[in-house]
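Residue strings, one per chain:
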Amino acid sequence: MPGCPALSPRLTRVTPPTSRRGGDGRLTAALDPLDQGPHDACGVFGVWAPGEEVSKLTYFGLYALQHRGQESAGIAVSNGRQILVYKDMGLVSQVFDDSTLESLKGHLAIGHARYSTTGASTWQNAQPTFRPTDDGSIALGHNGNLINTHELRQMVSELPGPTGELDLHGRGIQETTNDTSLVTALLAHHPDTTLEQRALEVLPLLRGAFSFVWMNEHTLYAARDPQGIRPLVLGRLDRGWVVASEDSALATVGASVVREVEPGELLAIDENGLRSHRYAEAQPKGCVFEYVYLARPDATIAGRSVHQARVEMGRQLAREFPVDADLVMPVPESGTPAAAGYAEESGIPFGQGFVKNAYVGRTFIQPSQTLRQLGIRLKLNALEHMVRGKRLVVVDDSIVRGNTQRAQIRMLREAGAAEVHVRISSPPVKWPCFYGIDFATRAELIANGLDVDEIAASVGADSLGYISLEGMIAATGQAPSNLCLACFTGEYPLPLPDESLLGKHLLEVSLTTTATGRALPVLNNP
């Protein structure tokens, strides 16, 4: 293109078809779009498989992990000479099409589906992140959230100048503002050692939750934080290896499960096979909310079926909070396994009291305040013939602000429900998460200001029961000491820095250009 500088032989731009409109990274599926529940962690996927269509394997792997992040999606592919990165805002199916995937040829790929926990939901912050240097490029995807971002920012600012980095002559592209980019910059600086050895130096410096997949032109890497807060699984293909956030993604692409990546473990996969390094002692603190809500029901975490755990939570709820009722019904889809367990244990019939619009998930049209006040029902509608005149047990996974439950209960009463008894398969959420789940602020969490009876009155329920902490833990099949329970107890497994050094938009507020060196645009659609 006239006037554009030549790129390195390793670098090629990928531009999407201009006729196709992508997503905007904004969810409007809730009854009240301003009342967001707990947002999922991100999903990561990586594959090393010479001779396979790795971009399509990654696409389908991300499709299986879409529930973990719906704001943006991206794939990086290497053919051994160069890395191509393509990313955009929106769902996986909005970002990629056949022509794009056909252009991403290679033997090695990583992918990422994002929900933002550090850094705004913008194209610049979509992943995989990318960093080119003279001796090889790096693309990286991250599931989790780091709590020492301020320290990492300082480390990056103290790195030598951009010697060894390739100048891509970016066209004024805005700088990234997420913790993942800082890690990528630290890994990219390895002038006197290999990337593998550099990773063994950098990973012990990170604090917080991270399940990483990253790559250079020849090797796939994966690493998990010493606490193992977020899941990461290793799988085997006939002609290669796969890593993914959940084993459900392995099943989608036809890979067999080998094992979980251990907390504190680094994996490297290339033509010489698989290598494992222990960079830190394992101190397991898996996120209990993966069992409650985040993971797909068909996932297995730490040897425990997520679906079975949720069904058992429902059984325990029935034991702890029985009630005379005519129908047990879930809030779909996350409440369905627990509702089935409640019905089994109580002997009360199970049925669907809500119908869910299967096509709601994302729209460019933001409902007006008037429409919200009129009770716009984008996501759920009550099945009147199922609920009229009946005493209902409504099972859901959690209550955050309470606005959504209030709207649901009002809807059921308008449909003729005689009584509405709410049962929640997790204890009251009272504390924010700093490890990769974006809850409301502590002041906004309804359980902080009200007791259970007051919450029931606030949402309009005839009764309300939360599963006990002990009952939830028992359902997971894990030892309490191996779980992170911070959102319920306020006891964080990793000491938190000062409040001023935490927050989703920390880097937008305080990060300057000099703090991160040069801004490097990645190879994707502008």
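Residues numbered from 1 in each chain as written. Predicted model: local features only at pLDDT ≥ 70, side-chain atom pairs only at ≥ 80, totals over all residues. Heavy atoms only, no water.

This structure, assessed with the given rule, holds 22 salt bridges. Glu-312 serves as the salt-bridge partner of Arg-315, at 3.2 Å between the closest nitrogen and oxygen. Here Arg-315 and its partner Glu-312 are both found in helix α9 (residues 306-320), three residues apart, which amounts to about one turn of the helix. The partly exposed category is assigned to Arg-315, whose relative accessible area is 25%. With a closest N to O distance of 2.9 Å, Arg-315 and Glu-344 form a salt bridge. Pair noted here: Arg-315 is in helix α9 and Glu-344 is in helix α10 (residues 336-346), with a separation of 29 residues, a long-range link. Each member of the salt-bridge network shares a partner with another, and the members are Glu-312, Arg-315, Arg-319, Glu-344 and Glu-345. (Salt bridge = Lys/Arg side-chain N within 4 Å of Asp/Glu carboxyl O. Helix = DSSP H or I, 4+ residues; strand = E, 2+ residues; numbered from the N terminus. Buried < 20%, exposed > 50% of the residue type's maximum accessible area, 1.4 Å probe, protein only.)

With that settled, the discussion passes to the nonpolar core. Among the nonpolar cores identified, the biggest contains 45 residues, and Phe-289, Val-328, Tyr-342, Tyr-435 and Met-472 are the most heavily contacted of them. Taken together, the elements giving at least two residues each to this core come down to α8 (289-294), α9, α10, β20 (391-396), α16 (469-476), β23 (483-484) and α17 (486-489). In terms of residue count, α9 provides more of this core than any other element does, five residues in total. With residues near it in sequence (within four places) discarded, Val-328 still touches Ala-339, Tyr-342, Ala-343, Ser-346, Ile-348, Pro-349, Phe-350, Gly-351, Val-393 and Val-395. (Core = buried A, V, L, I, M, F, W, Y, C linked by side-chain atoms within 4.5 Å. Contact = heavy atoms within 4.5 Å.)

Turning to the confidence of the model for the protein, a few remarks are in order. Looking at the protein, pLDDT values average 84 and 78% of them are 70 or higher. Within the model, pLDDT remains below 50 along residues 1-35, and this stretch shows 99 contacts once partners closer than five positions in the same chain are excluded. Long-range and interchain partners of residues 163-174, a stretch whose pLDDT sits below 50, account for 27 contacts in this model, where long-range means more than four residues apart. (pLDDT = per-residue confidence, 0-100.)

On to the sheet that holds strand β7 (residues 208-215), then. Reading across from one edge, β5-β6-β7-β8-β12-β13 is the order of the six strands in this open sheet, with antiparallel pairing throughout. Two strands close off the open sheet at either side, each with one partner strand: β5 (129-131) and β13 (273-278). Sheet twist, expressed as the mean angle between neighbouring strand axes with direction ignored, is 20°. With six bridges connecting them, strand β12 (residues 265-270) and β13 associate as antiparallel partners. Counted as the bridge partner of Glu-265 is Arg-278 from β13. Docked against the sheet, helix α6 (residues 195-202) engages β6 (138-146), β7, β8 (220-224), β12 and β13, running at close to 170° with respect to β12. (Pairing = 2+ DSSP bridges. Axes fitted to C-alpha atoms, helices over the stretch in contact; angles between N-to-C directions.)

This paragraph deals with the pairing of strand β3 (residues 83-89). Side-chain direction in a regular strand flips from residue to residue, so the side chains alternate between the two faces of the sheet. With seven of seven residues buried, β3 is to be regarded as a mostly interior element. Residues Ile-83, Val-85, Lys-87 and Met-89 line one face of β3 and the alternating positions Leu-84, Tyr-86 and Asp-88 line the opposite face, and both faces are buried. Examined bridge by bridge, strand β2 (residues 72-78) and β3 share seven bridges and lie antiparallel to one another. In the strand pairing of β3, Ala-76 is matched with Val-85. Between the antiparallel neighbours β2 and β3 lie four residues, among them Gly-80 with a positive phi of about 100°.

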